[in-house]
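Structural characterization, general
One-letter residues, chain by chain:
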Amino acid sequence: MKFALIDGEKEEATKGATALCQFCGLELIAKCGEIKIHHWAHKSKRNCDPWWENEGEWHRAWKNEFPTEWQEIIHHDENGQKHIADVKTQSGWTLEFQHSFLKHEERQSRNYFYKKLVWVIDGTRRKTDIKQFKRMLEESTQLRTNIPIIRASFPDECRLLNEWHNNDSLVFFDFNESEVTEDTMLWFLFPKTLTSSAYLSPFSRANFIELFNNDNFDNLYKNTILPIHKEIS
């Protein structure tokens, strides 16, 4: 975890410090080595939120693009279940930054739990993903639309699309400014449709961050994403 409670305030880990977990209230110790990023950990091997994962530099860098008060927010549902969201905006959007592989069942559970959920997926975790994604782009069809949208007719041939194209939530692939995409670009994957194809559009990373930080993503979602998704469906 990036934050823990010291005297009731959210604080980052510093060498030798102790604090309380904001999720379960148990004592945490600061892990401030030279290899892993500084973080808080339970004294025992307890994992109080089963959805919580260890963070790397990619994960932490994305969280740091947003206000501290939006990071690591405990989200409750109507049944009393709770989990820690990576980022939760003022307008209720949850941002989840996913590096490790996620089983379909857990992904669907998070989609249902958070409702207004946006995934950002690390496209560099497997070396083959970039190569497959690039080949998919070369074989896709460009649609005649006001914004650039491509149709991937065989998404199962790309492991990333195979894992994510039947998702109900919003998904953005981050290739860390690799050769696959233009500099500072993400790839937005439209939610699943009744067809077997997947639909994607390049999206400015800077614009993504700005939209959420200024709480303007709702306008984009209602006025652009939803109408286009209805048309391609």
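See above for the structure.
Residues numbered from 1 in each chain as written. Predicted model: local features only at pLDDT ≥ 70, side-chain atom pairs only at ≥ 80, totals over all residues. Heavy atoms only, no water.

Some details on a negative patch on the surface
A grouping of Asp7, Glu9, Glu11 and Glu12 is seen on the molecular surface, where their side chains present a negatively charged patch. Here Glu12 is to be found in strand β2 (residues 9-12). (Patch = residues over 30% accessible without salt bridge, like charges linked within 9 Å, V, L, I, M, F, W, Y side chains within 5 Å. Areas by Shrake-Rupley, 256 points an atom, 1.4 Å probe, with all protein chains shown as cover. Salt bridge = Lys/Arg side-chain N within 4 Å of Asp/Glu carboxyl O. Lys, Arg positive; Asp, Glu negative; His and termini not counted. Charge placed at Lys NZ, Arg CZ, Asp CG, Glu CD. Helix = DSSP H or I, 4+ residues; strand = E, 2+ residues; numbered from the N terminus.)

Quick look at helix α2 (residues 104-114)
Looking only at α2, the buried set comprises Arg107, Arg110, Asn111, Phe113 and Tyr114. At its buried positions, α2 is contacted by β6 (71-76), β7 (82-88), β8 (94-98), β9 (117-122) and α4 (159-164). Of the residues flanking the end of α2, it is Lys115, one or two places downstream, whose phi is positive at about 65 degrees. (Buried < 20%, exposed > 50% of the residue type's maximum accessible area, 1.4 Å probe, protein only. Contact = heavy atoms within 4.5 Å.)

Some details on the layout of surface pockets
Roughly 180 Å³ of internal volume is contained in the second largest pocket. In terms of lining residues, the second largest pocket is bounded by 14 residues, among which Asp168, Ser169, Leu170, Pro191 and Tyr221 are the most central. Of all elements in the fold, only α2 and α6 (217-232) reach the threshold of two or more residues within the lining of the second largest pocket. Each residue belonging to the lining of the second largest pocket can be placed in one class, and the counts come to eight nonpolar, three polar and three charged. (1 Å grid on protein atoms, 1.4 Å probe; cavity = no way out; pocket = protein on both sides within 12 Å on 5 of 7 lines; lining within 4 Å. Points joined across faces, edges and corners; volume = space filled by probe spheres on them. Nonpolar A, V, L, I, M, F, W, Y, C, P; charged D, E, K, R; others polar.)

Concerning the sheet that holds strand β13 (residues 185-189)
Strand order in this open sheet of nine strands is β6-β7-β8-β9-β12-β13-β14-β11-β10, and the pairing throughout is mixed. Two strands bound the open sheet, and with one partner strand each, they are β6 and β10 (141-142). Here helix α3 (residues 127-139) sits on the sheet and contacts β10, β11 (150-152), β12 (170-174), β13 and β14 (198-204); the angle it forms with β11, its principal contact strand, is near 115 degrees. Across the sheet, helix α5 (residues 205-213) touches β8, β9, β12, β13 and β14, and the angle it forms with β14 is around 80 degrees. (Pairing = 2+ DSSP bridges. Axes fitted to C-alpha atoms, helices over the stretch in contact; angles between N-to-C directions.)

Remarks on the pattern of salt bridges
Tallied over the full model, the rule gives eight salt bridges. The partner of Arg110 in a salt bridge is Glu96, with the nearest N and O atoms 3.0 Å apart. Placement of the pair is Arg110 in helix α2 and Glu96 in strand β8, with a sequence separation of 14 residues. Arg110 gets classed as buried once you look at its relative accessible area, which sits at 1%. Among the residues examined, Glu96 registers a relative accessible area of 4% and is labelled buried. Here Lys192 makes a salt bridge to Asp168, at a shortest N to O gap of 3.5 Å. Taken together, the residues span a long stretch of sequence, with Lys192 in the loop between β13 and β14 and Asp168 in the loop between α4 and β12 at a distance of 24 residues. Put simply, Glu96, Glu106 and Arg110 are held in one network by salt bridges that share partners.

A few points about the side chain of Lys63
Along the polypeptide, Lys63 turns up in helix α1 (residues 57-63). What makes Lys63 buried here is its relative accessible area of 0%. Look past the residues within four positions of Lys63 in its chain and what remains in contact with it is Lys2, Trp52, Glu55, Gln71, Glu72, Asp86, Val87 and Phe97.

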